[in-house]
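What follows is the residue order along each chain.
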Amino acid sequence: MILGLLKNIMTKTILNKFYIFFFITSCTALAAVTEYKINKILQSAEKINVISKGPTKNGRWAVEPNIYVCKNAPISQHRLERALDYWKKLGYKFGDVFYNDESFGCINERLGYGGITIDLIGQKFKEPNIGMTWNWRHNETNEIVKSRIEIKNSWGGSPRVLEHELGHALGWLDFKKRNHLMNHNWIEGGSESRGLEYKNEYIK
Ligand SMILES: [Zn+2]
């Protein structure tokens, strides 16, 4: 009985890994062959007009995204775990977590499919942001295939910053409500998660 259960879990894990591998391979191939089908989107650039509707998404993941924390990212393991817990409590699932990463998206922006890469700010970072998130999204299916979060060194340990950017990586747009997590203005924002539950899969 226990052996059977173990076998079942192992098969599920292997299948999940195979699916992620297949997802990464197919996304990389698709991006290389038909780059126009996948758009790179700066999440905070897209604004919604109807605030009363609640927070809005512009994409969703088809797989449980892996998390790649690059070697130079100003994010501690503890900080990341807290931020992931925030979203797990809302029903989101993540794949494998890699710390001190030097592979995929940390080295080359053209790679990193199938996961969320977290890094220190780069040349494309715009002031006065404290964090920025770009999603690569299939423009027909709204599926997110890759995400890149950049965070300023001095803000890496601050509360809510990584949680907010992870929200963008999961497809959520900025939401201008006082005390809400997806408020892009850190001073006006807070930890409120209303409307961000996984079941709210509404995509505009
Ligand atoms: Zn934002």
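See above for the structure.
Residues numbered from 1 in each chain as written. Predicted model: local features only at pLDDT ≥ 70, side-chain atom pairs only at ≥ 80, totals over all residues.

**Examining the environment of Ile130**
Then comes step 1: Relative to the assigned elements, Ile130 resides in the loop between strand 5 (115–120) and strand 6 (131–138).
Then comes step 2: Residue Ile130 is classed as partly exposed on the basis of its C-beta count, with 19 C-beta atoms lying within 10 Å.
Then comes step 3: Beyond its immediate sequence surroundings of up to four residues, Ile130 is in contact with Lys152, Trp155, Val161 and Trp186. (Helix = DSSP H or I, 4+ residues; strand = E, 2+ residues; numbered from the N terminus. Buried ≥ 20, exposed ≤ 12 C-beta atoms within 10 Å, placed from the backbone. Contact = placed C-beta atoms within 7 Å.)

**Concerning unusual backbone geometry**
Then comes step 1: Going from Glu127 to Pro128, the amide bond is cis rather than trans, its omega being 0°.
Then comes step 2: Note that Pro128 resides in the loop between strand 5 and strand 6.
Then comes step 3: The backbone of Asn100 sits at a positive phi, close to 50°, despite the residue not being glycine.
Then comes step 4: Despite not being glycine, Asn142 shows a phi value in the positive range, around 65°.

**Let's talk about helix 2 (residues 77–88)**
Then comes step 1: The end-to-end C-alpha distance of helix 2, which contains twelve residues, comes to 16 Å, matching closely the 16 Å that a straight helix rising 1.5 Å per residue would cover.
Then comes step 2: By the burial criterion, the buried members of helix 2 are Arg79, Ala83, Tyr86 and Trp87. The buried residues of helix 2 occupy one face: seen down the axis, they fall within an arc of 95°. Set apart from the buried face of helix 2 by more than 90 degrees, the exposed residues are Gln77, His78, Glu81 and Asp85. (Expected span 1.5 Å × (residues − 1). Arc of directions from axis to C-beta.)

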